[in-house]
Structure formats: C-alpha cells, structure tokens
Amino acid sequence: MSTEVRHIAQKVSIDEQIVSLLQAKDKRALHLIYEHYAPVLINVILRVVRDKPMAEDVFQEALLKVWKNSHSYNAEKGSLFTWLTRVCRNAAIDKTRSKDFRQTEKSKTAVDLVSITGLSDREDVEHLYMHQLVDQLPVIQRKLIDLAYFQGYTQKEIAEKLDMPLGTVKTRIRLALKHLRSII
Amino acid sequence: MNIQEYIESGILETYLAGELDHEEMLAVDKMAAQHPEISEELTRLRESIVRYARVAHKEPGRRVLTHVLNAIEEEEKGEEKPAPGKPVGSTGNSNNPGIFSTWSMAATFLLLVSIGFNFYFFSELQNAEGLVKELAQEKTFLSERAKTTTQQLDYANLRIAHFLNGDNIHVRMDGSEISPSSFANVFWNRKTNAVFISVDNLPEPPHGHQYQLWAIKEGQPPIDAGIFDHNALVQELKVIRGEVRAFAVTLEKEGGTQYATVEKTYVKGFLKKS
C-alpha cells in the first residue's frame, strides 16, 4: 500500500469508519462499535439498571436500535459516543419501566456487583503479558477503574463507598486512567 | 480555560464514565470538535479502558453481538419476502423517479459500499499493524526475560556448587555502617586457595569506581584479593594463602588500589575459628 493511502487510512478515525459503515447499512459497523465501545456503553447502562446480565440484554436491544435508527445520527450535532450513550440510556430507562425489571429488582438482594473473572480461552500469551502489565496497577487504582468504568458507580457513590472526599476520587480516577494508559 | 486545563479538569474521564447528562456531553463534543487534542485524548482514554476490559475479562460476552446480528438477519429475511399484492421492482409506474435518479441511487449505493469496504480494510490493516507491533514488543520482553532467568539460574547453580563444595570455606560478609543492607559471600578453597566472590547485594558503584575484595590477616595491612565486576554475580578472584581472619569489600577507583580505603568498607565477614 502506498504511503499516501496509508496516510489517508490513518486519518480516518474509528468513529468516521463506524458512521460511514452504518450509513451504508454495513453490519461491520456493529462489529466496530462492539470492538471500540461495548464496555463503556455497558457501563452507561449499568448506571441505570444496576444488574450485569440485564445490562447486557439492554445493550443488545440498544444495538438493534442503533442499527435501525442509524440515519438519525448527525455528526454535526454531537459525537458518536454521545449518540450511542443516549440510545443506550433510553433503552435502559425503558427497561426499568418493564415488568421484567421490577421482578428482578424484587428478587435481588444486596448482591455485590464485583464480577468473578474466570479464565477464558483467550488466556493466551498476549493476554498473560498484558495481565502482567495490568498487575502493575496499584490495587486502589484498579478498584477505582472498576467501580467507575465497569460497575456503573458515580463518583459520589465511590466517594461514599470508599470513604474518600469527592475531589480525591476525581483526581485519583484521573491518575488511575493515566497510569493505565501508560501501560497498555 | 485553556485546553490543557480543560483536559486536566477530569471532565473527559467523567464523560467516558457516562456520568454527564446529554447536554453536558454535547458541550464536551463541541470542545472536542474545536480542539483535536481533546478528541485525541478522548480516543486514547476510551481505547485504554476498552483494552483494559479485554485484558481483565470485563468485556461483555460475544453472544450479545451474535444475537444482534442474528436478529437483524432474521428481520432482513422477513423483508425480502414480497408483500402480497405489492409487486417488487415494478418499473412500469410513471410516478417512479426518473431513470437517472435510479442510476445515481445505485451508483451512490455502490460508492458507499466501496467506501465502507475501504474503511473496513484500512481498519483491518491498522489492527494487523498494531498486533505485529504488540507481538514484537512481547517477543523482546520474553527473550529479555529468558536471558535474565538463564543468568539467574546459572548464578544460583554456581552458588549452590560453591556452598556444597566441602573444600570451600564460606564467609558471609554483612553490610557495614555505610551500607547496612548490603551483603556478599566469599568462598575460599582450602586446597587450591582460590577465592570466589558471590555479589549478592551491593549498590551500583558510582561512575569510575569498582569494588575490591581484601583478605585480612592479623597484624598486616589488608591483602588485595582482586577487583570484581559488580554485574557478574559469581567470580573467581585471586589466590590467597595463609591465616586469613576476615574478608572485606571496599569501594575503590576503577582498576583497584594497592592499599585499601578502609572508610569505604561496604561489607565485611570473619572466618569462623576452627
């Protein structure tokens, strides 16, 4: 491939790729959304429904909506993430109004949302290596990332849970992400 | 507020955590649209969260995507069946848009599909390049580690061999006041009188300096037992004969010295009285 073409290729952001694929009704758009946004969007949903399996169901519904309403996205109005977040939030709110949700809520006792991360078939060399890198993160930083980005806790809730001032939570999350970024 | 302050305010992290409301998110988008640094920062932050999710197995299961794709396919199949009484692809209708419009629609469609493919392949290429880079890094990392591990193993074996050698007198040298956490071991072979040093924990010598081992006999100035390389863990030094009472290591100028700089004694150990 010529350097010129490669240059152009690098200039096209993931968002632009996703949007043009969506507009072309190409399902690879969904693959890319999944690849680059799934965990962050699930977290958005978790903030509303507070239940991991349910959050995944809602995400599924939201992706279908994204596919069906792809024409309603307008890049001039806001970013892809903002649009995806809105679709996911709305789907989550719809869910909380459903009978299904109320029943789950009733049967749910105080379950800690910490997920047990089992071994998967992706436990290959690359993963082991990355694991070692991630293991360098101090426990508290991992905890903060976990709560804020994978368990749908707000900064205020984290402050209460960990008994830390809100300002400190904010700074520490920022530091944790900075640290994370430097290692992976 | 300047851009750096904006980035450092933590708003981007809050944005990605999904904690801002829609209007606040749009405000961030506006900033990002105006300042590429902000949008780059957002992409980098998001990608590291997503990569972390992958590594820490916090990703949602693939089944979610499979379900969505299946559902879409099912719907598409349903749509393909022509609705009764509504012929598909009829061109006889004079109300239809002109032929040019049909052609341009088709052309636009093909163009979009083609653009789509391009993006897809570009993205695949980028992914592959990323993977190659990661694998190369990993390879370097692993081979470095293998090298260090082999060295450590050789060292451990050599050290054990010296410990097990019945002809060896073992002297442990402990850290002095100037370096209390230091230690090293000397093995002195009774038969050959060869002296070996095992460098265990000595601080990195300052530039232009080297450690030197001394054998100490009663009523005599310290006897030079050889300079040694701080990085090589077990080394054979000079041959020392006679009634040695102690061994000590001093820090000296590179190349060593004839007379020990006693104030710079790092470790010292006495022989057990036999």
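Above this note sits the structure.
Quick caveat: nothing in here was measured; it's all calculated off a predicted structure.

A. Structural context of the sheet that holds strand 1 (residues 168-175) of chain B. Residue and element names in this part refer to chain B. Within the open sheet, the eight strands sit side by side as 5-4-7-8-1-2-3-6. Their pairing is antiparallel. Single-partner strands in this sheet number two, and they are strand 5 (223-228) and strand 6 (234-239). Neighbour to neighbour, the strand axes of the sheet diverge by 25 degrees on average, direction disregarded.

B. The arrangement of helix 2 (residues 14-23) of chain A in detail. Residue and element names in this part refer to chain A. Counting buried positions along helix 2 gives seven out of ten residues, so the element sits mostly inside the fold. Along helix 2, the residues classified as buried are Ile-14, Gln-17, Ile-18, Val-19, Ser-20, Leu-21 and Leu-22. Remark: Lys-25 follows helix 2 within two positions and exhibits a positive phi of approximately 55 degrees.

C. Representation of the nonpolar core in the model. Counting residues in hydrophobic clusters, the biggest one holds 83 residues, and the most contacted among them are A:Leu30, A:Ile33, A:Tyr37, A:Phe59, A:Ile145, A:Tyr149 and B:Tyr52. Sequence-distant contacts of A:Tyr149, defined by excluding residues within four places in its chain, comprise A:Pro39, A:Asn43, A:Ile173, A:Leu177, B:Glu13, B:Thr14, B:Leu16, B:Ala17 and B:Ile49. Counting residues in hydrophobic clusters, the runner-up holds 24 residues, among them B:Leu202, B:Tyr211, B:Leu251 and B:Val267.

D. Local environment of the interface of chain A and chain B. Between chain A and chain B, the contact holds 73 residues from the first and 64 residues from the second. Approximately 6700 Å² of surface area, both sides summed, lies buried where chain A meets chain B, with 61% of it carried by carbon and sulfur atoms. When the area that chain A buries against chain B is broken down by residue, the three leading residues are A:Tyr34, A:Arg174 and A:Arg181, summing to 11%. Taken together, the links from chain A to chain B amount to six salt bridges.

E. Examining the packing of helix 3 (residues 22-34) of chain B against helix 4 (residues 36-55) of chain B more closely. All names here are of chain B. Closest axis-to-axis distance for the helix 3/helix 4 pair is 5 Å, and the angle between their directions is 115 degrees. Residues Val-28, Met-31, Ala-32 and Gln-34 of helix 3 lie in contact with helix 4, whose contacting residues are Pro-36, Ile-38, Ser-39 and Leu-42. Grouping the constituent residues of the contact of helix 3 with helix 4 by class yields six nonpolar, two polar and no charged.

F. Structural view of the pattern of salt bridges. This model, assessed by the stated rule, comprises 20 salt bridges over all chains. With a shortest N-O distance of 3.8 Å, A:Lys156 and A:Glu160 are connected by a salt bridge. Pair noted here: A:Lys156 and A:Glu160 are both in helix 9 (residues 155-162), with a separation of four residues, about one helical turn. Taking relative accessible area as the criterion, A:Glu160 reaches 56% and is therefore assigned exposed. Notably, a salt bridge pairs B:Glu47 with B:Arg46, separated by 2.9 Å at the nearest N-O pair. The exposure class of B:Arg46 is buried, given its relative accessible area of 5%. One network of salt bridges, with partners in common, ties together A:Lys65, A:Asp94 and A:Arg97.

About the thresholds
- Residues numbered from 1 in each chain as written.
- Chains lettered and ligands numbered in written order.
- Predicted model: local features only at pLDDT ≥ 70, side-chain atom pairs only at ≥ 80, totals over all residues.
- Heavy atoms only, no water.
- Pairing = 2+ DSSP bridges.
- Helix = DSSP H or I, 4+ residues; strand = E, 2+ residues; numbered from the N terminus.
- Axes fitted to C-alpha atoms, helices over the stretch in contact; angles between N-to-C directions.
- Buried < 20%, exposed > 50% of the residue type's maximum accessible area, 1.4 Å probe, protein only.
- Core = buried A, V, L, I, M, F, W, Y, C linked by side-chain atoms within 4.5 Å.
- Contact = heavy atoms within 4.5 Å.
- Buried area = accessible area lost by both parts, 1.4 Å probe.
- Salt bridge = Lys/Arg side-chain N within 4 Å of Asp/Glu carboxyl O.
- Nonpolar A, V, L, I, M, F, W, Y, C, P; charged D, E, K, R; others polar.

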